[in-house]
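The primary structure of each chain is shown beneath.
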Amino acid sequence: RSPLDRSSAASDVYKRQRDGSALYALRSGYDTPPVPVRLDPHAPGQDPAALPNPGTISHLPGTLRELDATAADGTRVQSWLVLPEGADATNPAPLVLWVHGGPLMSWNSWSWRWTPWVLAARGYAVLLPNPALSQGFGQDFVRRGWGEWGDTPYTDLMAAVDAAEALPEIDQTRTAAMGGSFGGYMANWIATQTDRFRAIVTHASLWHLDGFIGATDAAYYWEKEFGDPLTEPKRYEQNSPHRYADAIRTPMLVIHGDKDYRVPIGEGLRLWYDLLTRSGLPADDEGRTPHRFLYFPDENHWVLTPQHAVVWYGVVSAFLAEHVLGEEWRRPELL
């Protein structure tokens, strides 16, 4: 795993019954949080029933389906698509592209921290793609994006969005993109490459790759992928979003924690400054920029404090409602 999201790795806990007649495990998916199940250790292809537990969710505000897209080079790009209740051809839902972190991970299990169901409850469809660099699709799939973050991972994401927007349940005129960590990098890159989205949310994101590599607590790792920034600057120059700041035409919500040592706060501050000074979006009649910055003085790479998570989702929801749904900006009460 890459260090950007190492601590978010899903884990399964197994315990075998003494006489060998049963195997117990915690099982999760994007439609269920971790629940204990009992398996027959000798039965193939089984679908074990959940055991009684206090964590089962009886109802989700939508449905989950798998969606395939074809990349520019013909490769299959797999995604999960969450559709809110009531979404159909007569009532298409606005779409939020949510890019995972890592980048060496994938959307494959439940997360209370990064849950699409909060947005589904507000009427959004949520696309969870696994582009180049994602795990679970073979080493060649990772190699497609190795050291080329702004190339194949980006075009894979756009192919996935195209496939989602072709569905009658999706309103392709009301879309947004968001992501954290590597997903935040991709949100930044998307903002500099296209104006197809109405809003972009970027959390704990990489903006200036050369500056990031010397400040992160895991610089050794990134040099293995991108090389020495002094003697091999090509990959940094080609893939650093900050070089294209002038091209941004989409309102952005920047979120960062001051105690983030994986992607230091300087990345968020530099991005915010560039948005204020270089973005092509004008201020309104009262001099307010359409961009916003949510700053957590005592959070790290992951927003872990429960009340801060409430603030996080509240601000994200308010920002999306303003720009995707056309609602008036409402400052969350906890701010």
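Data block above holds the structure.
Residues numbered from 1 in each chain as written. Predicted model: local features only at pLDDT ≥ 70, side-chain atom pairs only at ≥ 80, totals over all residues. Heavy atoms only, no water.

## Things to note about the pairing of strand β8 (residues 170-180)
Here is step 1: Judged by how many residues are buried, β8 sits mostly within the fold: eight of 11 residues are covered.
Here is step 2: Sheet analysis places strand β6 (residues 93-99) next to β8, joined by seven bridges and oriented parallel. Within β8, the position partnered with Ala93 by the bridge is Ile170.
Here is step 3: The β-α-β motif built from β8, the intervening helix α4 (residues 182-193) and the parallel element strand β9 (residues 199-203) has right-handed crossover chirality. (Buried < 20%, exposed > 50% of the residue type's maximum accessible area, 1.4 Å probe, protein only. Helix = DSSP H or I, 4+ residues; strand = E, 2+ residues; numbered from the N terminus. Pairing = 2+ DSSP bridges. Right-handed = clockwise from strand over helix to strand, strands pointing away.)

## A closer look at α4
Here is step 1: Taking 1.5 Å of rise per residue, 12 residues should cover 16 Å, and α4 covers 16 Å from first to last C-alpha, within 8% of that figure.
Here is step 2: The element α4 is largely enclosed, with a buried count of 11 among its 12 residues.
Here is step 3: Inspection of α4 places Phe182, Gly183, Gly184, Tyr185, Met186, Ala187, Asn188, Trp189, Ile190, Ala191 and Thr192 among the buried residues, and these make up the whole buried set. (Expected span 1.5 Å × (residues − 1).)

## Describing the nonpolar core
Here is step 1: Counting 55 residues, the largest nonpolar core has Leu97, Leu127 and Ile190 as its most contacted members.
Here is step 2: Element by element, the count of residues in this core is highest for helix α3 (residues 152-165), at eight residues.
Here is step 3: Sequence-distant contacts of Ile190, defined by excluding residues within four places in its chain, comprise Leu97, Tyr154, Leu157, Met158, Ala177, Phe197 and Ile200.
Here is step 4: Judged by nonpolar contacts, the second largest core, of 32 residues, contains Trp117, Leu294, Phe296 and Val324. (Core = buried A, V, L, I, M, F, W, Y, C linked by side-chain atoms within 4.5 Å. Contact = heavy atoms within 4.5 Å.)

## Overview of the sheet that holds strand β11 (residues 292-296)
Here is step 1: The strand order across the open sheet formed by eight strands is β4-β5-β7-β6-β8-β9-β10-β11, and the pairing between neighbours is mixed. The sheet is open, and its two edges are formed by β4 (62-70) and β11, each paired on a single side. For this sheet the average axis-to-axis angle between neighbouring strands, irrespective of direction, equals 20 degrees.
Here is step 2: Pairing between strand β10 (residues 252-257) and β11: five bridges, direction parallel. Opposite Ile255, over in β11, you have Leu294 as the bridge partner.
Here is step 3: Contacting β4, β5 (76-84), β6, β7 (125-130) and β8, α3 runs over the sheet at an angle of about 125 degrees to β4. (Axes fitted to C-alpha atoms, helices over the stretch in contact; angles between N-to-C directions.)

## Observations concerning the pairing of β7
Here is step 1: Within β7, six of the six residues are buried, which leaves the element mostly enclosed by the surrounding structure.
Here is step 2: Residues Ala125, Leu127 and Pro129 of β7 are buried on one face, and the alternating residues Val126, Leu128 and Asn130, pointing to the opposite face, are buried as well.
Here is step 3: Where β5 lies against β7, five bridges are found, and the strand directions are antiparallel. Its bridge partner lying in β7, Ser79 is registered against Pro129.
Here is step 4: Across three bridges, the pairing between β6 and β7 is parallel. Among the inter-strand pairings, Leu97 is bridged to a residue of β7, identified as Leu127.

## Re the environment of Leu334
Here is step 1: Relative to the assigned elements, Leu334 resides in the segment after α9 (306-323).
Here is step 2: Between the alpha carbons of Leu334 and Gly314 there is a distance of 8.6 Å; along the sequence they are 20 residues apart.

## Structural notes on the packing of aromatic side chains
Here is step 1: Taken as a whole and judged by the stated rule, the model has 19 aromatic pairs.
Here is step 2: Residues Trp98 and Trp107 carry aromatic rings whose centres are separated by 6.2 Å and whose planes lie at 75 degrees to one another, so their mutual orientation is edge-to-face.
Here is step 3: Overall, the relative accessible area of 5% leaves Trp107 in the buried class.
Here is step 4: Taken together, the ring pairs in this structure connect Trp149, Phe182, Tyr185, Trp189, Phe212, Tyr221, Trp222, Phe226, Tyr236 and Tyr244 into an aromatic cluster.
Here is step 5: Here the guanidinium or amino end of Arg113 rests over the ring plane of Trp114, the centre of that ring lying 4.3 Å away.
Here is step 6: Its guanidinium or amino end placed over the ring of Trp329, Arg292 lies 4.0 Å from that ring's centre, counting from NZ or CZ. (Phe/Tyr/Trp six-rings, centres within 6.5 Å; stacked < 30°, edge-to-face > 60°. Lys NZ or Arg CZ within 6 Å of the ring centre and 35° of its normal.)

## Regarding the side chain of Ser106
Here is step 1: Locating Ser106 in the fold gives a position in the loop between β6 and α1 (117-120).
Here is step 2: Polar contacts involving the side chain of Ser106 include one to the side chain of Asn108, which spans 3.1 Å.
Here is step 3: Reaching out from Ser106, the side chain makes a polar contact with the backbone oxygen of Gln135 at a distance of 3.4 Å.
Here is step 4: Residues within four places of Ser106 in sequence aside, it is in contact with His100, Asn130, Ser134 and Gln135. (Polar contact = N/O pair within 3.5 Å; in protein donor to acceptor, adjacent residues only side chain to side chain.)

## Regarding the environment of Pro153
Here is step 1: Position of Pro153 among the secondary structure elements: in helix α3.
Here is step 2: Under the relative-accessibility criterion, Pro153 is labelled buried at 0%.
Here is step 3: Taking C-alpha positions, Pro153 is 8.9 Å from Asn130, a pair spaced 23 residues apart along the chain.
Here is step 4: What Pro153 contacts, discounting residues up to four positions off in sequence, is Pro131, Ala132, Leu133, Gly145, Glu148, Phe182 and Met186.

## Comments concerning unusual backbone geometry
Here is step 1: Along the chain, Gly102 connects to Pro103 via a cis peptide bond; the corresponding omega equals 0 degrees.
Here is step 2: With respect to the element layout, Pro103 can be found in the loop between β6 and α1.
Here is step 3: In this structure, Ser181 is a non-glycine residue whose phi angle is positive, near 65 degrees.
Here is step 4: For Ser181, the location among the structural elements is in the loop between β8 and α4.
Here is step 5: In this structure Ser181 comes out as buried when scored by relative accessible area, which is 2%.
Here is step 6: Positive phi outside glycine occurs at Ala204, with the angle close to 45 degrees.
Here is step 7: The residue Ala204 is located in the loop between β9 and α5 (209-213) in this model.

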